[in-house]
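Residues per chain are reported as follows:
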2 protein chains.
Amino acid sequence: MNNFEFYSPTDFVFGRNAEIQVGKLAKRFGGSKLLVTYGGGHVLRSGLLAHIEDVLRSSGLDYVLYGGIQPNPTDESVYEGIHVARANNIDMVLAVGGGSVIDASKAIAAGAPYDGDFWDFYSGKKVVDFALPIGVVLTIPAAGSEGSGNTVVTQVSTKKKVSIRTPYWLRPKFAVMNPELTFSLPAYQTAAGATDMMAHIMERYFTNTPHTEVADAVGEGVMRTIIEVTPRVLEAPEDYDARAALMWCGTLAHNGICGTGNEEDWASHGMEHELSAFYGVTHGAGLAVVFPAWLTYMAEHNPHKLVKWAKNVWGAETPAEGISRFKAWLHSIGMPTSIRELGIKDFDLETINEHVHVTKGEIFGAYLPLDRERTREIYKIALES
Amino acid sequence: MNNFEFYSPTDFVFGRNAEIQVGKLAKRFGGSKLLVTYGGGHVLRSGLLAHIEDVLRSSGLDYVLYGGIQPNPTDESVYEGIHVARANNIDMVLAVGGGSVIDASKAIAAGAPYDGDFWDFYSGKKVVDFALPIGVVLTIPAAGSEGSGNTVVTQVSTKKKVSIRTPYWLRPKFAVMNPELTFSLPAYQTAAGATDMMAHIMERYFTNTPHTEVADAVGEGVMRTIIEVTPRVLEAPEDYDARAALMWCGTLAHNGICGTGNEEDWASHGMEHELSAFYGVTHGAGLAVVFPAWLTYMAEHNPHKLVKWAKNVWGAETPAEGISRFKAWLHSIGMPTSIRELGIKDFDLETINEHVHVTKGEIFGAYLPLDRERTREIYKIALES
């Protein structure tokens, strides 16, 4: 087990009607004038945004709305949000949405009080050393951003989709999580979210660090739970308990508890980010394509941890059998497992393969560091399989 | 799954030499003049206390020492600590030790700034609504107090051993956890600590709340890990990775992650507290006696969750077989499983049975609420088995 720091200070308020506590929580963590961020029309149509506004008003809190944040959020959305935050002397950002809204909100929270260009944080020029407090009302269980210090933003001009992690400043102070708010989430988004959760655990689980018994045990348990409850949610979208289990799994998959003491990998996320940046695919669906291909490559070149994963997560005798069950599960929940199934017809392997190394570096990943040759092989497997 | 709030804001700094970060952490969380609390001579003899003092001094922090806190800490220790804290205008309490030192330190941290008698918090007269920040250097993995909002103190005059839980104020701000500091922990304390961890998970796991898949999966994984690594630690006390796994399990067993959404039980802890208050036994060893008896009673009167526990934790077909394996494991790590083996020769069943209901109430426990008749039966099983 490697040395680690585990700091997950988010106050998770979970359950039916949890959103009525948002005013109390905003005040507890020092908010008085909030920037309420959201994405498309769903939170408007469902009445959720109006309900949140009611709660804030009745708690005596001032707020400004900032909507229209798109999936795979762009630097342009962030610049505009920073402008609104500064113009209104905002002291807290409240994200009402899923990973994209939360990730953009983190960038706004770090960028608004910063003198320079917020992209400095994403380009590596500067490390976040202050941010406005962030609160969350979660509507899409998937990215785990409600409990993580991570944020991913795409720079439009370069198509670079960049992830940064600054746990001390970017972990939300609180996250309100009502599983009922996810009843209306379409099957495809639900399944893509479940796939993203699986990937968040697997990026940590596949490690060469010896003696990661505790993190493995927790991760395997959460993976098995995701595998079990996702079909139940798809079968009965208003099954509260299945929705609740899936929602909480999404947080545990990414708040760090599944990776304590591990050297983490994150190569599959890096390779997927190219697919969503270039072809606009849903992140979770992209992972459903990239991760099995990555596993297939690893089964040949570094199988040791796949043996444990196959056995303990899938009850399988061999890595190949584990991968096969994983792919069958992905298909059963409506996910693609190849670039063809993902609907990308004009996949430009060489351009993508070049760009992933421009974004992520000459060599990236820890379980088996990937150079151009290896990423090319993995993209090829993803294309064919 | 029930509604829940999960708030575990402790900054866990884990690994070799972690204690050199204690000055930085104390400053991060607002400490300038610390009360450094500890127990017996071990932290003196090992040089740990002197090392911590060096780190604090070189960080420019002022501090006062307060030692001599005994296992199963008493209200007398707490009164004295509060006196020292007030006399020195302390603004943070740094506990160097295990559960007893940390629990007493929490009481001091809540009591020092409080106008009245700190026992008000334990008698239920008053809820903690402010406390000095608490830091921890953990030396005994067992109680999980480094990550919990709980504290247990015994009132000497009444022999009442009372537990309270105030997560918002009593969770330590940081916990420094170096597994090497536990290399010298004697086998008996190590095994009692492992038993305490198992009990912390089981108090949460045995619930009638339906659909606790996530908490169950995490709890089962941590239990299986404790079962696996404890014999390794006893076999090779300086096996860093096994010590590390056991230490981290102790935190996860009690920081709440294994009980998210469950109605918890805690009857076995209540029944054990009488044994340590009256006979001075080690808490974990007392649990090794009480819990199997409680399980044996439940196998007859409310077995449903025991079936899952037996299967998923012990690979057993029936509750009886699971209990039998649990007892065999306890014996294998040197724990007693009966009041006789615990060395209590003059066990006064009726007095203890009366007293547990004075302390805990006429009926306590949630999985199967226990009245006098039921606790008597369970104590009888503990005596005989």
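Heads up: the structure comes first, above all this text.
Calculation criteria
- Residues numbered from 1 in each chain as written.
- Chains lettered and ligands numbered in written order.
- Predicted model: local features only at pLDDT ≥ 70, side-chain atom pairs only at ≥ 80, totals over all residues.
- Heavy atoms only, no water.
- Core = buried A, V, L, I, M, F, W, Y, C linked by side-chain atoms within 4.5 Å.
- Buried < 20%, exposed > 50% of the residue type's maximum accessible area, 1.4 Å probe, protein only.
- Contact = heavy atoms within 4.5 Å.
- Helix = DSSP H or I, 4+ residues; strand = E, 2+ residues; numbered from the N terminus.
- Polar contact = N/O pair within 3.5 Å; in protein donor to acceptor, adjacent residues only side chain to side chain.
- Axes fitted to C-alpha atoms, helices over the stretch in contact; angles between N-to-C directions.
- Parallel < 35°, antiparallel > 145°, perpendicular 65-115°, else oblique.
- Left-handed = near helix turned anticlockwise from the far one by under 90°.
- Nonpolar A, V, L, I, M, F, W, Y, C, P; charged D, E, K, R; others polar.
- Salt bridge = Lys/Arg side-chain N within 4 Å of Asp/Glu carboxyl O.
- Pairing = 2+ DSSP bridges.
- Least-squares fit on C-alpha atoms with pLDDT ≥ 70 in both.
- Buried area = accessible area lost by both parts, 1.4 Å probe.

**Q** Whenever I open this one, the nonpolar core confuses me. Can you help?
**A** Nonpolar side chains tend to gather and get buried jointly when the protein is soluble and globular. Within the largest apolar cluster, 228 residues are counted, with the highest numbers of intra-cluster contacts made by A:Trp309 and B:Trp309. With residues near it in sequence (within four places) discarded, A:Trp309 still touches A:Met202, A:Tyr205, A:Phe206, A:Met223, A:Leu295, A:Trp314, A:Gly322, A:Ile323 and A:Phe326.

**Q** Help me out: how do you make sense of the side chain of A:Thr337 in this one?
**A** Residues and elements named next belong to chain A. Checked against the element boundaries, Thr337 lands in the loop between α14 (319-332) and α15 (349-360). Taking the relative accessible area as the measure of exposure, Thr337 reaches 1% and is therefore buried. Among the polar contacts listed, one links the side chain of Thr337 to the side chain of His331, at a separation of 3.2 Å. Dropping the residues within four chain positions of it, Thr337 is found in contact with Ala288, Val289, Lys327, Leu330, His331, Ala382 and Ser385.

**Q** Explanation requested: the packing of α15(A) against helix α16 (residues 372-384) of chain A in the structure shown.
**A** For any two helices packed against each other, one specifies the inter-axial angle together with the distance between the axes. Residues and elements named next belong to chain A. At their nearest, the axes of α15 and α16 sit 10 Å apart, and the two run at 135° to each other. Taken together, α15 and α16 sit at an angle that is classed as oblique. Note on packing geometry: the crossing formed by α15 with α16 is right-handed. Each of Leu349, Glu350, Ile352, Asn353, Glu354, Val356 and His357 in α15 lies in contact with α16, whose residues at this interface are Arg372, Thr375, Arg376, Tyr379, Lys380 and Leu383. Across the contact of α15 with α16, the residue classes break down as five nonpolar, three polar and five charged.

**Q** Explain the pattern of salt bridges to me, please; I cannot follow it from the model alone.
**A** Think of it this way: side chains of opposite charge can pair up when their charged atoms draw near. Taken as a whole and assessed by the stated rule, the structure comprises 40 salt bridges over all chains. Across the salt bridge formed by A:Arg372 and A:Glu362, the nearest N and O atoms sit 2.7 Å from each other. With A:Arg372 in helix α16 and A:Glu362 in the loop between α15 and α16, the pair connects residues that are 10 residues apart, well separated along the chain. Here A:Arg372 falls in the partly exposed class, since its relative accessible area comes to 23%. Among the residues examined, A:Glu362 registers a relative accessible area of 54% and is labelled exposed. Ionic pairing is found between B:Lys308 and B:Asp216, a salt bridge with its closest N-O pair at 2.8 Å. Of this pair, B:Lys308 sits in helix α13 (residues 304-314) while B:Asp216 sits in helix α9 (residues 213-235); the two residues are 92 residues apart in sequence, bridging distant segments of the chain.

**Q** Please clarify how the sheet that holds strand β5 (residues 134-138) of chain B should be interpreted in this entry.
**A** Strand-to-strand pairing in sheets goes through backbone hydrogen bonds, with the strands running parallel or antiparallel. Strand order across the open sheet formed by 12 strands is β3(A)-β2(A)-β4(A)-β5(A)-β8(A)-β1(A)-β1(B)-β8(B)-β5(B)-β4(B)-β2(B)-β3(B), with mixed pairing between neighbours. On the outer flanks of this sheet lie β3 (62-66) of chain A together with β3 (62-66) of chain B, each paired with one strand and no other. This sheet shows a mean twist of 25° between the axes of neighbouring strands, independent of strand direction. Bridge count for strand β5 (residues 134-138) of chain A against strand β8 (residues 174-177) of chain A is four bridges, and the pairing is parallel. Residue A:Val136 lies in a different strand from β8(A), and its bridge partner there is A:Ala175. Its contacts with the sheet place helix α5 (residues 99-111) of chain A against β2 (33-38), β3, β4 (92-97) and β5 of chain A, and it is angled at close to 170° to β4(A). Sheet strands in contact with helix α5 (residues 99-111) of chain B are β2 (33-37), β3, β4 (92-97) and β5 of chain B, and its direction is about 170° off that of β4(B).

**Q** Sorry, what's going on with unusual backbone geometry here?
**A** What you tend to see is this: most non-glycine residues have negative phi, and most peptide bonds are trans. Residues and elements named next belong to chain A. Phi is positive for Asn17, which is not a glycine, with a value near 65°. Its location among the elements puts Asn17 in the loop between β1 (4-14) and α1 (22-28). Relative accessible area serves as the criterion here: at 44%, Asn17 is assigned to the partly exposed category. The phi torsion at His211 lies on the positive side, around 55°, for a residue other than glycine.

**Q** So what exactly am I meant to see when it comes to the side chain of B:Thr10 here?
**A** Along the polypeptide, B:Thr10 turns up in strand β1 (residues 4-14). A distance of 2.7 Å separates a polar atom in the side chain of B:Thr10 from the backbone oxygen of B:Pro172. Setting aside residues up to four positions removed in sequence, B:Thr10 forms contacts with A:Phe6, A:Tyr7, B:Glu146, B:Gly147, B:Arg171, B:Pro172, B:Lys173, B:Phe174 and B:Ala175.

**Q** What should I look at first to understand the relation of the copies chain A and chain B in this one?
**A** Note on the copies: chain A fits chain B at an RMSD of 0.0 Å, the axial shift is 0.0 Å, and the rotation between them is 180°. Accordingly, the operation relating the two chain copies is best matched by a two-fold axis. For chain A, the minimum C-alpha distance to the rotation axis belongs to A:Pro9 and amounts to 1.7 Å. The share of interface residues of chain A whose copies in chain B are also at the interface is 100%, consistent with both copies meeting through the same surface.

**Q** Can you walk me through the interface of chain A and chain B in this structure?
**A** It is common to give the size of an interface as the accessible area that goes away when the parts come together. Contacts between chain A and chain B engage 38 residues on the former and 38 residues on the latter. A combined buried area of about 3400 Å² lies between chain A and chain B, and 58% of that area is made up of carbon and sulfur atoms. Contact with chain B buries surface across chain A, with A:Met1, A:Val214 and A:Trp248 losing the most and accounting together for 16% of the total. At the boundary of chain A with chain B, the tally comes to four salt bridges. Between B:Glu213 and A:Arg232 there is a salt bridge whose closest N-O contact spans 3.1 Å. Counting residues per element, the side of chain A that touches chain B draws most heavily on β1(A), which supplies 11 residues. Each residue belonging to the side of chain A that touches chain B can be placed in one class, and the counts come to 21 nonpolar, eight polar and nine charged. The pairing of β1(A) with β1(B) spans nine bridges and is antiparallel. The residue of β1(B) that forms the bridge with A:Phe4 is B:Phe14.

Keep in mind these values describe shape, not function.
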